[in-house]
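# Residue-level structural notes
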Amino acid sequence: MRYLSKILCLATLMLLFAAWPSAAQNTLDEKTESIKADTTAQAKEAERKRREEVKRMMFEKDAPMMNPSESPKLYYIREVNINGVEYLDKNHLRAAAGLIPGDSIYLPSSFISSATTRLWSLRYFSDVKIGAAIEGDSIDLEIFLKERPRVHHWYFTGEGIGKSKQKDLADQLKLKQGTELSDYVIDKNEKLIKQHFVDKGFRNVEVKTLIENDTLIENMVNVTFQINRNPKVKIGLISFEGNNEFDDKRLRKTFKKTHQKSINFFRGNKYKEDEFKEDKNLLIDFYNSRGFRNATVLSDSIYDMGDNKIGIHIKVDEGNKFYIRDVRWVGNSVYETDQLNHLFSVKKGDTYDKKSMHKRLGVGREMDPEQMSVSSLYQNNGYLMSQIDPTEIVVAKDSIDMEIRIFEGKPFTINEVGISGNIRVNDEVIRREMAISPGMLYDRSLLMYTLRQLMGMGHFDAEQLQPDVQPITDELVNISFPLTEQASDQFNIAGGWGSGSFVGSVGITLNNISTRNFFKKDKWLPYPMGQNQKLSIAGQTNGTYYKAISASFTDPWVGGRKPNSLTISTHWSEQNDAYYIWQSATMYFRTFGIAAGLGKRLKWPDPNFTLYMEAQYRRYALNNWDYFIMKDGVANEVSFKVAFSRSTIDQPIYPRSGSEFSAVLTLTPPYSAWDGRDYSDEQMPDHIRYKLIEYHRWELKARWFQALTRNNNLVLMASAEMGFLGHYNKHKLSPFQRFEIGGDGMSGYTIYGVDIIGLRGYDDGALDPVGSNYSMAYNKYTLELRYPVILKPSSQIFVLGFLEGGSGFNSWKEFSPFKIKRSAGLGVRISLPVVGQLGLDWGWGFDPPMGESRRSGSQFHFTMGQTF
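Everything numeric in this text was worked out from a predicted model, so none of it was measured.

To continue, consider the overall build of the chain. Looking only at helices and strands, the chain features 15 helices and 35 strands. Across the 868 residues of the chain, 44% fall into the buried class. If you take every contact in the chain between residues at least 6 apart in sequence, the share linking residues at least 24 apart comes to 61%. As displayed, the chain offers around 45100 Å² of accessible surface, 53% of which is attributable to carbon and sulfur atoms.

Among the surface-exposed residues, Leu826, Leu840, Trp842, Phe860, Phe862 and Met864 lie close enough to one another that they form a single nonpolar patch of about 590 Å² accessible area. Going through the elements one at a time, β34 (836-845) and β35 (857-864) are the ones with two or more residues in the nonpolar patch. Sort the elements by how many residues they give to the nonpolar patch and β35 lands first, with three residues. Tracing the backbone shows Leu826 in strand β33 (residues 821-832).

With that settled, consider the side chain of Ser672. As for its position among the elements, Ser672 is in the loop between β26 (657-667) and α15 (686-689). Residue class for Ser672 comes out buried when judged on its relative accessible area of 15%.

The next point concerns empty space enclosed by the protein. Inspection of the entire model under this criterion finds four cavities of 30 Å³ or more. Reported here for the largest cavity is a volume of approximately 100 Å³. As for the largest cavity, its lining consists of 13 residues, of which Ala462, Gln486, Gln651, Ile653 and Gln796 are closest to the centre. Here the lining of the largest cavity is built from residues that sort into six nonpolar, four polar and three charged.

What follows covers the environment of Ala115. Along the chain, the position of Ala115 falls in helix α5 (residues 111-121). For Ala115, a relative accessible area of 0% corresponds to the buried category. As a C-alpha pair, Ala115 and Gly98 span 17 residues in sequence and 6.2 Å in three-dimensional space. Beyond its immediate stretch of four places on either side in the chain, Ala115 contacts Ala97, Leu99 and Ile130.

What follows deals with the sheet that holds strand β10 (residues 296-306). An order of β9-β11-β10 is seen for the three strands of this open sheet, with the pairing classed as mixed. Two strands lie at the open edges of the sheet, namely β9 (234-241) and β10, each paired on one side alone. Geometrically, the sheet is characterised by an average inter-axis angle of 20 degrees between neighbouring strands, direction not taken into account. Where β10 lies against strand β11 (residues 309-317), nine bridges are found, and the strand directions are antiparallel. Looking at β11, one finds that Ser301 is bridged to His313. Packed on one face of the sheet, helix α9 (residues 273-289) meets β9, β10 and β11 and runs near 135 degrees to β10.

Looking now at the sheet that holds strand β6 (residues 150-157). Strand pairing in a sheet is mediated by backbone hydrogen bonds. Such pairs are either parallel or antiparallel. As summarised here, the arrangement of the three strands in space is β6-β8-β7, forming an open sheet in which the pairing is mixed. Two strands close off the open sheet at either side, each with one partner strand: β6 and β7 (206-213). Strand-to-strand twist in this sheet, taken as the mean axis angle between neighbours without regard to direction, amounts to 20 degrees.

For the rest of this paragraph, the subject is the pattern of salt bridges. Enumeration according to the criterion identifies 34 salt bridges in this entry. Its salt-bridge partner being Asp300, residue Lys280 comes within 2.8 Å of it at the nearest N-O pair. Of this pair, Lys280 sits in helix α9 while Asp300 sits in strand β10, and the two are 20 residues apart along the sequence. Owing to a relative accessible area of 18%, Lys280 belongs among the buried residues under this scheme.

Turning to the packing of aromatic side chains, a few remarks are in order. In the structure shown here, the tally under the stated rule is 27 aromatic pairs. Here the aromatic rings of Phe246 and Phe286 are separated by 4.9 Å at their centres, their planes lie at 65 degrees, and the arrangement is edge-to-face. Pair noted here: Phe246 is in the loop between β9 and α8 (248-252) and Phe286 is in helix α9, with a separation of 40 residues, a long-range link. Here the aromatic cluster, defined as three or more aromatic residues joined through ring pairs, consists of Phe240, Phe255, Tyr271 and Phe276. Over the aromatic face of Tyr588 sits the side chain of Arg590, whose NZ or CZ is 3.9 Å from the ring centroid. Over the ring of Phe802 we find Arg760, and its NZ or CZ is 3.9 Å from the ring centre.

Two numbers describe how helix α6 (residues 163-173) lies on helix α7 (residues 183-198): the axes approach to 11 Å, and their chain directions differ by 125 degrees. Relative to α7, the element α6 lies oblique. Like other packed secondary-structure pairs, α6 and α7 cross with a definite hand, here right-handed. Contacts from Lys165, Leu169, Gln172 and Leu173 of α6 reach α7 at Asn189, Leu192, Ile193, His196 and Phe197. Grouping the amino acids of the contact of α6 with α7 by side-chain chemistry returns five nonpolar, three polar and one charged.

The next point concerns unusual backbone geometry. Residue Pro108 is reached from Leu107 by a cis peptide bond, and omega for that bond is -5 degrees. Examined against the element boundaries, Pro108 turns out to sit in the loop between β3 (104-107) and α5. With an omega of 5 degrees, the peptide bond running from Trp604 to Pro605 counts as cis. Looking at the element boundaries, Pro605 is found in the loop between β23 (588-601) and β24 (609-623). The phi angle at Asp307 is positive, at roughly 55 degrees, despite the residue not being glycine. Relative to the helices and strands, Asp307 is located in the loop between β10 and β11. Of note in this structure, Gln737 is not a glycine but carries a positive phi near 65 degrees.

Further remarks concern the pairing of strand β4 (residues 125-135). Taken across its eleven residues, β4 has ten buried, putting it largely inside the fold. Across ten bridges, the pairing between β4 and strand β5 (residues 138-147) is antiparallel. Residue pairing for β5: Gly131 is matched across the bridge by Glu142. Taking the residues between adjacent antiparallel strands as the criterion, β4 and β5 are bridged by two residues, where Gly136 takes a positive phi near 65 degrees.

Conventions adopted
All residue numbers refer to positions counted from 1 along the written sequence of the respective chain. Predicted model: local features are reported for residues with pLDDT of at least 70 only, side-chain atom pairs are reported and counted for 80 or more only, and whole-chain, interface and lining totals are derived from all residues. Only hydrogens and water are removed before side-chain values are computed, so all heavy atoms of the structure are retained for them. Secondary structure elements follow DSSP: runs of H or I of four or more residues count as helices, runs of E of two or more count as strands, with numbering from the N terminus. Partly exposed residues are those whose accessible area sits between 20% and 50% of the maximum for their type, while under 20% is buried and over 50% is exposed, using a 1.4 Å probe and protein chains only. Residue contacts are defined here by distance: any two heavy atoms, one from each residue, within 4.5 Å place the two residues in contact. Areas reported as accessible are Shrake-Rupley estimates using a 1.4 Å probe. Residue values count occlusion only from the protein chains shown. Residues with no salt bridge and a relative accessible area higher than 30% make up the patches, which join like charges within 9 Å and nonpolar side chains (Val, Leu, Ile, Met, Phe, Trp, Tyr) within 5 Å. Throughout this description, the term salt bridge denotes a Lys or Arg side-chain nitrogen within 4 Å of a carboxyl oxygen of Asp or Glu. Note on definitions: the grid is 1 Å and covers protein atoms alone; a cavity is a set of points where a 1.4 Å probe fits but cannot get out; a pocket is an open set with protein on both sides within 12 Å along at least five of seven lines; lining residues have an atom within 4 Å of a point. Grid points are joined across faces, edges and corners, and a volume is the space filled by probe spheres set on the points. Any residue that is not Ala, Val, Leu, Ile, Met, Phe, Trp, Tyr, Cys, Pro, Asp, Glu, Lys or Arg is counted as polar, Gly included; the first ten are nonpolar and the last four charged. Pairing between strands is defined by DSSP: at least two bridges between the two strands are required. Between N-to-C directions, angles cover 0 to 180 degrees, with each direction set by a line fitted to C-alpha atoms, over the stretch in contact for helices. When the centres of two rings from Phe, Tyr and Trp lie within 6.5 Å, Trp using its six-membered ring, the rings pair. Their planes under 30 degrees apart give stacked, over 60 give edge-to-face, and anything left gives tilted. Charge-over-ring placement is defined geometrically: NZ (Lys) or CZ (Arg) within 6 Å of the ring centre, and within 35 degrees of the ring normal. Orientation labels follow simple angle bins: below 35 degrees gives roughly parallel, above 145 gives roughly antiparallel, 65 to 115 gives roughly perpendicular, and whatever is left gives oblique. Handedness of a crossing is defined here by the sense of rotation of the near helix relative to the far one, left-handed for an anticlockwise turn of less than a right angle and right-handed for a clockwise turn.

Shape is all these values report; function is a separate question.
Structure, rendered in structure tokens:
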């Protein structure tokens, strides 16, 4: 009776969150540990009845644990028994559930359900149940758990699934050792694997999962995804229905990434759903730009064409073609309607073109910060909060009135300009590059100019450099620049092949030194830095045959008050015929030079222009040297250079927009005009004829960058350049300052007095005129399509494809911009903070080099540094 009265005092509580309630009755007994019974038969029977009551209360769906209308009562946890766990620590599970013997809880409450949720959140179990028995103010808890197996190893098998692909898949799926295994985990990863291969053109990929028990560790399994990619599926045909104004071929051209199979093997023809959605938007943009305002895609379908091809059929509704009937401006008080109409350039009778109109207004996704628009007109004059709202009013089946509503707001004044994140570069150096300052009216064009200047310094990560514009009142705005510094100094150790021998080179470039701190010991960390001054020292040698050293220093703000730069440089080199250390030289070519130049940023025509002027002295000493028209003697050159340039590129490493242009004139005094010598005398010795070098040299270079995709990653670069070396006296041509055309633009050794112009697909100097070592004039044209692989402060990598053409000429009379040797190829550029930019190109020369009949063919080229 004693045990029977104890049973009558028990009240059983339970909260049930079961994943599979229909299977719970069958699995509970298998996972519940036997509860110790009293040694007497009566005690065992009482315990059996108690457990049966707990089970009955757990599995009866509507059985309440306690009347919810009762007031919560305090109970003390006496026991917490965990059943069904073999491989996990029970004390850890009690702590995770928050059910610790000796603690107190109130019932009824959400405490037990919260404990169940916490156990589910561990993701270790496929079933969680909690039962409770009450005796007086004490409570015993029974936790019934069903453990999930855990994964020891993840494997991928299948044709074409090598080790690198397995690693890529594991990283992409974020698969880790020890992860719990469930149907959800298997199903999710199978879908991700399929999508991975579908995006690569394997639309018929099949994935099966094999699960095997690990032979060494209990409750661990090994999971193998068996992948059968099957052949790639290409788009065989893209067809349209409902298109009356434009044929299928024209509509297919609107797609940027979804293409049907064609002879153009450079263009992909894989089907990707996300890219197809983007291309359908481009299709509608095309119709809108042609006046078809209401054009829509009614439906699209994909069908099997056999032979691993699919077809895409698109049904469109073009609608009517619309025209502009009238343009009205509402809300403009700062600018006259005539001025806005002139900038908008849309008049009565024009074809409706949504894309162009939005671009000229500067609204929506067509907004271009670099292009003048109605929005930029306001934004560049303080109206930060101005809004342009174009409203289209349909007035007939083919006519639209444009009502452009303008909310001008108030002009904003810059309150503060903040910078943060800079450690190596001084604040004053950063601020002097800024075109904005407190007290100025907000001007977006100056903000963009400031952004380009900071990027151009090369000390900050251009990918993360974005201004933070925060209005603080209805008339004041704060602008801050969070900066992420990156290493800008470079140390180079390299080797190359030049003139039949190995040449080693070493160089260091410090881009942020500070001369004002040069004599302060505490500032040498590891060198005095902070003023953005540049010091470069380089040397080259192969031991005996060739030696060279050069040094330069640039202060971009000499004096620190105005953006006037000072550059000082010097060089020395020697080449001879002593190839080995035990040989004595019988011929040599020595050069020495020094130069000083001043640069100035101009305000007119705009702040992007610069003017640079340089004076230079060079001395050439030759002894029995057959590589120039001068063979023996000493030649002196005093020249003056004037360079006029403009740059609006957005960043130096991977430009996405903007352009660069430079015009350079270098000339010497025309000594032959007054020295009284007859240079037509062919017997005149070289050391007299070339004692004072005279020439005039002209160079023009231009580059443009244009992003071709909305994410601005795919970039087109176009460049053109030409050069010409002229003379004052036809009998006194300069032996130096000529051009060598062809190759990678580098030389194993530096040749002072010659400019090396790279043209990929041809050997070094292969495009110079026949019978001449160098060219007097040249032209060069380049188209590059670039795409980034990595753009991080630690490294920047992009790949490119190029078309290139150019040639060298003996004189200006022979020069022609249309006479070129053509090439095409692929390349990669790697920019590392310490090393600088490295490049590897493969080019195919379509034409024969000068004086040859066989085309140049395949060539590999290696480059160091950036070129312009």
